[in-house]
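Observations on chain architecture
Chain by chain, the residues run as shown.
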Amino acid sequence: MPSLFDGASARIEAALEHIEISQDVAQRLAQPDAALKVSVPLRHDDGRLTVFSGYRVRYDSTLGPAKGGIRFHPDVNADEVSTLAFWMTMKCAVMGLPFGGGKGGVAVDPKQLSPAELERLSRAYIDQIADFIGPDSDIPAPDVNTNPRVMGWMADQYRIIARAHTPAVITGKPVEMGGSLGRTTATGDGAFHVLSTMMQRWERDAEGTTVAVQGFGNAGQRFAKLAADAGYKVVAVSDSSGGLYNADGLDVDAVTRIKNEQGSVSEAEGEALSNADLVTLDVDVLAPAALESVITADNADEVAAGVIVEIANGPIASEADRTLIDNGVVVLPDILANAGGVTVSYFEWVQNRQAWYWDADTVAERLESRMVDATRAVADRAEEDDVDLRTAAYMRALEKIEKATAATGTSEFFGRR
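From a predicted model like this one, the values you see are computed outputs, not experimental measurements. (Residues numbered from 1 in each chain as written. Predicted model: local features only at pLDDT ≥ 70, side-chain atom pairs only at ≥ 80, totals over all residues. Heavy atoms only, no water.)

1. Details of the overall build of the protein chain
- The number of helices and strands found in the protein chain is 15 helices and 12 strands.
- The globule rule puts the C-alpha radius of gyration for 417 residues at 22 Å, and the 21 Å found for the protein chain is close to it.
- Considering only C-alpha atoms, the protein chain reaches an extent of 60 × 55 × 45 Å along its principal axes.
- Counting only residues that meet the buried cut, the protein chain has 57% of its 417 residues in that class.
- As presented, the protein chain carries roughly 17000 Å² of accessible surface, and 46% of it is formed by carbon and sulfur atoms.
- Within the protein chain, the 62 negative side-chain charges are centred at a point lying 8 Å from the centre of the 38 positive side-chain charges. (Helix = DSSP H or I, 4+ residues; strand = E, 2+ residues; numbered from the N terminus. Rg over C-alpha atoms; globule rule 2.2 N^0.38 Å. Buried < 20%, exposed > 50% of the residue type's maximum accessible area, 1.4 Å probe, protein only. Areas by Shrake-Rupley, 256 points an atom, 1.4 Å probe, with all protein chains shown as cover. Lys, Arg positive; Asp, Glu negative; His and termini not counted. Charge placed at Lys NZ, Arg CZ, Asp CG, Glu CD.)

Rendered as structure tokens:
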């Protein structure tokens, strides 16, 4: 079975069948610019010491400083972080953001830590990578199992190390520390804008369109809320504990409240449903919003949804792409569909550097404008070249990196592909 990174790289090869880029771009994108592995020591509340593995990868900086989240999860490893940084490179390029791609994480189960232990771990991680990040080189943000509070601790630790107030070093911070309004809902908002734009293009109505959301964290909750409010029928949701199904539509507000109060959607009213069954549910729109590779070669042929909105990073393994295309499933790819988070992180970075902060309506309007424009551009490219939306998105991203590289003159030195 190919590694996660090998699978991600296969998407570049699919795009290169339709475009030409310089050999130096292809070579540079074959591996990260820089990868760091560190030991992150944590002194527990009871006095024990545990040392966790931490990572930070800067994949490519052709378009600007690296940008990407930090996740706390037991399965974090070098291959995963490199792949996520690669996807961030493509995501920033397809959105036209002045960033390259980065990613980081610690191999830890944060649910086993007390709040004080979580803070010490967050600060210890920054202690180890402080020389690797910076507002002009690599700007972290929240990801799986991290949030504004964690980003606040990290930003404060960087301030202590640098002996300077540097809010632009980390995005996704609490608003009180220079975070942007709209950042916590941005990923779900962006995914919904992408779906809405395509539904208008297809001349399809939201009313009665059935939706299943696999992964009911921050982004999944927001997407489900927006979908329900717009008239979509959200019939199923799930989290790590299992799922719920109601053919008549779930009360999304009630499920969200119970999830956030009790920690599980399984405590809400509805028919019990496994995550595996949700992925193959007969719905119009499937929105995987959890972790990577929930749809693989093993279950791709069982997917019954007509449209998949990739809110998570890499929820579809590359070896499943061909099966889904052959079965007529339209995939709104992650490097477009979940780009709302990094887009508002860009807004936050801009606001931090200017010390000029925008109101919520301004953030929302600018996010919608960027998401709609990027979606239309990818859809137009897909139609022009008769390719699927994922391939079109990668073509757009690669061409942006190619143009930036060509502007330096290095492509003439290395020769053309």
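2. Quick word on the sheet that holds strand β9 (residues 271-273)
- Strand order in the open sheet formed by seven strands is β9-β8-β7-β6-β10-β11-β12, and the pairing between neighbours is mixed. Of all the strands in the sheet, the pair left with one neighbour each is β9 and β12 (330-332). Taking the axes of each pair of neighbouring strands and ignoring which way they run, one obtains an average angle of 20° across the sheet.
- Where strand β6 (residues 210-214) meets strand β7 (residues 233-239), five bridges bridge the pair, whose relative direction is parallel. (Pairing = 2+ DSSP bridges. Axes fitted to C-alpha atoms, helices over the stretch in contact; angles between N-to-C directions.)

3. Describing helix α12 (residues 340-354)
- Here α12 spans 21 Å end to end across 15 residues, near enough to the 21 Å set by a 1.5 Å rise per residue.
- The buried fraction of α12 is high, at 13 of 15 residues. (Expected span 1.5 Å × (residues − 1).)

4. Thoughts on the packing of helix α6 (residues 186-202) against helix α7 (residues 218-229)
- Where α6 contacts α7, the axes come no closer than 7 Å and their chain directions differ by 45°. By the angle between their axes, α6 is oblique relative to α7. Two packed elements cross with a definite hand, and for α6 against α7 that hand is right-handed. On α7, the residues touching T187, G188, D189, A191, F192 and L195 of α6 are A219, R222, F223, L226 and A227.
- In the contact of α6 with α7, the residues fall into seven nonpolar, two polar and two charged. (Parallel < 35°, antiparallel > 145°, perpendicular 65-115°, else oblique. Left-handed = near helix turned anticlockwise from the far one by under 90°. Contact = heavy atoms within 4.5 Å. Nonpolar A, V, L, I, M, F, W, Y, C, P; charged D, E, K, R; others polar.)

5. Some words on helix α4 (residues 115-129)
- Its 15 residues give α4 an end-to-end C-alpha distance of 22 Å, which sits within 8% of 21 Å, the value for a rise of 1.5 Å per residue.
- Among the residues of α4, E117, L118, L121, S122, R123, A124, Y125, I126 and I129 are the ones counted as buried.
- Structurally, α4 contributes buried residues whose contacts are with β1 (34-43), β2 (49-60), β3 (66-72), β4 (100-106) and α5 (148-162).

6. What about the packing of helix α13 (residues 360-385) against helix α14 (residues 389-407)?
- Relative orientation of the contacting elements α13 and α14 amounts to 110°, with a least axis distance of 8 Å. Judged by the angle between their axes, α13 and α14 are roughly perpendicular. Of the residues in α14, those in contact with A374, A377, V378, A379, R381, A382 and D385 of α13 are L389, A392, A393, M395, R396 and E399.
- For the contact of α13 with α14, the residue count by class is nine nonpolar, no polar and four charged.

7. Overview of the packing of aromatic side chains
- If you walk through the whole model with that rule in mind, you get nine aromatic pairs.
- When the centroid spacing of 6.4 Å and the interplanar angle of 25° are considered together, the rings of F86 and Y394 count as stacked. Of this pair, F86 sits in helix α3 (residues 78-95) while Y394 sits in helix α14, and the two are 308 residues apart along the sequence.
- What makes Y394 buried here is its relative accessible area of 0%.
- Plain terms: the ring middles of F192 and Y232 are 6.2 Å apart, the flat faces sit at 75° to each other, and that makes the pair edge-to-face. With F192 in helix α6 and Y232 in the loop between α7 and β7, this pair connects stretches of sequence that are 40 residues apart.
- A residue is classified by how much of its surface remains accessible, and Y232, at 6% relative accessible area, is buried.
- If you follow R58 out to its NZ or CZ, it ends over the ring of F132, 4.0 Å from the centre.
- Taking NZ or CZ as reference, R366 lies 4.3 Å from the ring centre of W358, over its face. (Phe/Tyr/Trp six-rings, centres within 6.5 Å; stacked < 30°, edge-to-face > 60°. Lys NZ or Arg CZ within 6 Å of the ring centre and 35° of its normal.)

8. Quick notes on the side chain of R71
- If you trace the backbone, R71 turns up in strand β3.
- Among the polar contacts listed, one links the side chain of R71 to the side chain of E292, at a separation of 2.8 Å. (Polar contact = N/O pair within 3.5 Å; in protein donor to acceptor, adjacent residues only side chain to side chain.)

9. Observations regarding the pairing of strand β8 (residues 242-245)
- Bridge analysis of β7 against β8 gives four bridges, and the strand direction is antiparallel. Opposite D239, over in β8, you have G242 as the bridge partner.
- Counting the residues in the hairpin turn of β7 and β8 gives two residues.
- Pairing analysis gives three bridges linking β8 to β9, with the strands arranged antiparallel. What sits directly across from L244, in β9, is A272.

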